[in-house]
Amino acid sequence: MAVPAAPISFGPVLADLESRGLRRRRRTVQRRKPESAEIEVDGQRCVDFCSNDYLGLAAHPEVIAAFIDAARIHGVGARASHLITGHQAEHEALEQELAAFTGRERVIVFSTGYMANLGLVRALVPRGAAVYGDALNHASLIDGGRLSGAALHRYPHGDAAALERALAEQESGAAVVLTDGVFSMDGDLAPLPALAASCKRQGAFLAVDDAHGLGVLGATGRGVLEHFRLTELEVPALVGTFGKALGTFGAFVAGSAELIDTLVQRARTYMYTTALPPAVAAATRAALAVSVAEPWRRERVLALTRRFRQLARAAGIPLGASETPIQPILLGGADDAVRTSNALLERGFFVTAIRPPTVPAGTSRLRLTLSTVHRDIDVENLVASLAEALAPA
Ligand SMILES: *Cc1c(COP(=O)(O)O)cnc(C)c1O
């Protein structure tokens, strides 16, 4: 090369983010009572309204005991990928229990939800196919579509008619439709019956990522498909994660034996990575069992959600259209969201500001989540503090 390559400099990138109020800073969190919602953020005590531990299972005694016992028996690391010697009895048992739970033929466990989506989409999409995704899909579904090499189409959020028009225009090749079940930043549900009907009429394959619905929605906590009474016929691929309502770590895809075996053969994020620690699989089995045995946890978090909305509405707080434990408070500007979040922290509540690129420009918000571990008084005090923080100065 006659001319040296241009140097890479990070300073301007960071300064630009800073000037637009978009520079992220991590906070160090400590928990003195892990079974409660009380945390310390940079040394300040507050109530955590950001965790995805909807059912309070992350520190459930049976989940902790299963984790510790399994670590004693199997050690900590899985030692290899699933296709070498990493696939152990705890993983196998978890897969079978999840297949029974979801009513599907087979399940495959991935190390994270991000990897499950990358692996699923890439393995699923044949050459010449097109991928259609909701405009507000989780980043991992979007990245899965990009990695698949297929032509990508994003349809307007929740718009089944727009999806159907786009599908009808496709001239050749297979079509795969990807959507969150519960949208992670807005808490609203995908219109799955209408999406499934469009897919059926147009011959498209529908995959749903139910990271936030599993354990929370449906008459028995089976998630968004149970909520809408949809089955494998309408939604042949279902993704779920363990890091949200189940309180552990990892993820799965459920489907037909053929679909799952295809993932074993072709999902690169499954083949080329170390298996989940077997103790995490054991803890997840315990969490799944508790979620089924203690339906009051689901009822409690949904009742708290209704209570929060009722109090917030009465206080004039701008709510979204969500009936799930994810409750966005739309503020618009990134600065407003950060300022309100800081004001809440001073009053003893941790609610993060969500800004671009996680959400579209102009839709910065607070995103708060409710959990079984919150007390009524926590929710009442939160709403009072929110009303104060949002009141014009
Ligand atoms: C959290 C989340 C994921 C990622 O799951 P991880 O196990 O945390 O990697 C995927 N999809 C959705 C919709 C999520 O909310």
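A quick note: this is a predicted structure, and the numbers were derived from the prediction, not measured.

**Digging into a positive patch on the surface**
Taken together, Arg122, Arg127, Arg266 and Arg268 make up a surface patch of like positive charges. Among the structural elements, Arg268 can be located in helix α11 (residues 268-271).

**Quick look at the sheet that holds strand β1 (residues 29-30)**
The pairing of strands in a sheet happens through backbone hydrogen bonds and is either parallel or antiparallel. Across the sheet, four strands lie side by side as β1-β2-β3-β12; this open sheet has mixed pairing. The open sheet terminates on both sides in strands that have one partner only, identified here as β1 and β12 (349-350).

**Here's the deal with the packing of helix α5 (residues 113-124) against helix α6 (residues 139-148)**
Running from N to C, α5 and α6 point in directions that differ by 35 degrees, and their axes come no closer than 8 Å. Between α5 and α6 lies a crossing of right-handed hand. Contact residues: Gly113, Tyr114, Asn117, Leu118, Val121 and Arg122 in α5; Ser140, Leu141, Asp143, Gly144, Gly145, Leu147 and Ser148 in α6. Of the residues that constitute the contact of α5 with α6, the class distribution is five nonpolar, six polar and two charged.

**Some points on the packing of aromatic side chains**
Centre-to-centre distance and the angle between the planes together describe a pair of aromatic rings. By the definition in use, this model includes three aromatic pairs. Relative to Phe349, the ring of Phe49 has its centre 6.2 Å away and its plane inclined at 45 degrees; by these criteria the two rings are tilted. Of this pair, Phe49 sits in the loop between β3 (44-48) and α2 (61-74) while Phe349 sits in strand β12; the two residues are 300 residues apart in sequence, bridging distant segments of the chain. For the pair shown, Phe49 and Phe349 are each scored as buried. On the numbers, 5.5 Å between centres and 65 degrees between planes, the contact of Phe110 with Tyr270 is edge-to-face. Highlighted residues: Phe110 in strand β4 (residues 106-110) and Tyr270 in helix α11, separated in sequence by 160 residues. Considered together, Phe110 and Tyr270 belong to a single accessibility category, that of buried residues.

**A few points about the pattern of salt bridges**
A complete count under the given rule lists 18 salt bridges for this structure. The residue Arg297 makes a salt bridge to Glu294 at a minimum N-O spacing of 2.6 Å. Overall, Arg297 belongs to the buried group, its relative accessible area being 10%. When salt bridges with common partners are traced through the structure, they connect Glu18, Arg23 and Arg25 into a single cluster.

**Quick look at the side chain of Asp210**
Positionally, Asp210 belongs in the loop between β8 (205-209) and α9 (224-228). One buried charged side chain, Asp210, makes no salt bridge at all; its nearest oppositely charged neighbour is Arg104, positioned 9.2 Å away. Sequence-distant contacts of Asp210, defined by excluding residues within four places in its chain, comprise Gly181, Val182, Arg222, Gly223, Val224, Leu238 and Val239.

**Structural notes on the domain arrangement of the chain**
Segmentation of the chain into domains returns domain 1 (23-52 + 295-390) and domain 2 (61-293). Residue-level contacts link 18 residues of domain 1 with 24 residues of domain 2. For the pair domain 1 and domain 2, the summed buried area comes to about 1,400 Å², and 60% of that belongs to carbon and sulfur atoms. Taken as a group, Asn52, Arg298 and Ile326 account for 39% of the area that domain 1 buries against domain 2, more than any other trio of residues on that side. Our enumeration of links across domain 1 and domain 2 arrives at one salt bridge. Here Arg365 and Asp186 are joined by a salt bridge, their closest N and O atoms 3.1 Å apart. Between domain 1 and domain 2 we count six residue pairs in polar contact (both at pLDDT 80 or more) in total. Mapped by element, the contributors of at least two residues to the side of domain 1 that touches domain 2 are α13 (296-314), β11 (326-332) and β14 (364-369). A total of three residues in the side of domain 1 that touches domain 2 trace back to one element, the largest contributor, which is α13. Its residues placed into classes, the side of domain 1 that touches domain 2 shows nine nonpolar, four polar and five charged.

Calculation rules
- Residues numbered from 1 in each chain as written.
- Predicted model: local features only at pLDDT ≥ 70, side-chain atom pairs only at ≥ 80, totals over all residues.
- Heavy atoms only, no water.
- Patch = residues over 30% accessible without salt bridge, like charges linked within 9 Å, V, L, I, M, F, W, Y side chains within 5 Å.
- Areas by Shrake-Rupley, 256 points an atom, 1.4 Å probe, with all protein chains shown as cover.
- Salt bridge = Lys/Arg side-chain N within 4 Å of Asp/Glu carboxyl O.
- Lys, Arg positive; Asp, Glu negative; His and termini not counted.
- Charge placed at Lys NZ, Arg CZ, Asp CG, Glu CD.
- Helix = DSSP H or I, 4+ residues; strand = E, 2+ residues; numbered from the N terminus.
- Pairing = 2+ DSSP bridges.
- Axes fitted to C-alpha atoms, helices over the stretch in contact; angles between N-to-C directions.
- Left-handed = near helix turned anticlockwise from the far one by under 90°.
- Contact = heavy atoms within 4.5 Å.
- Nonpolar A, V, L, I, M, F, W, Y, C, P; charged D, E, K, R; others polar.
- Phe/Tyr/Trp six-rings, centres within 6.5 Å; stacked < 30°, edge-to-face > 60°.
- Buried < 20%, exposed > 50% of the residue type's maximum accessible area, 1.4 Å probe, protein only.
- Domains from an automatic or database assignment.
- Buried area = accessible area lost by both parts, 1.4 Å probe.
- Polar contact = N/O pair within 3.5 Å; in protein donor to acceptor, adjacent residues only side chain to side chain.

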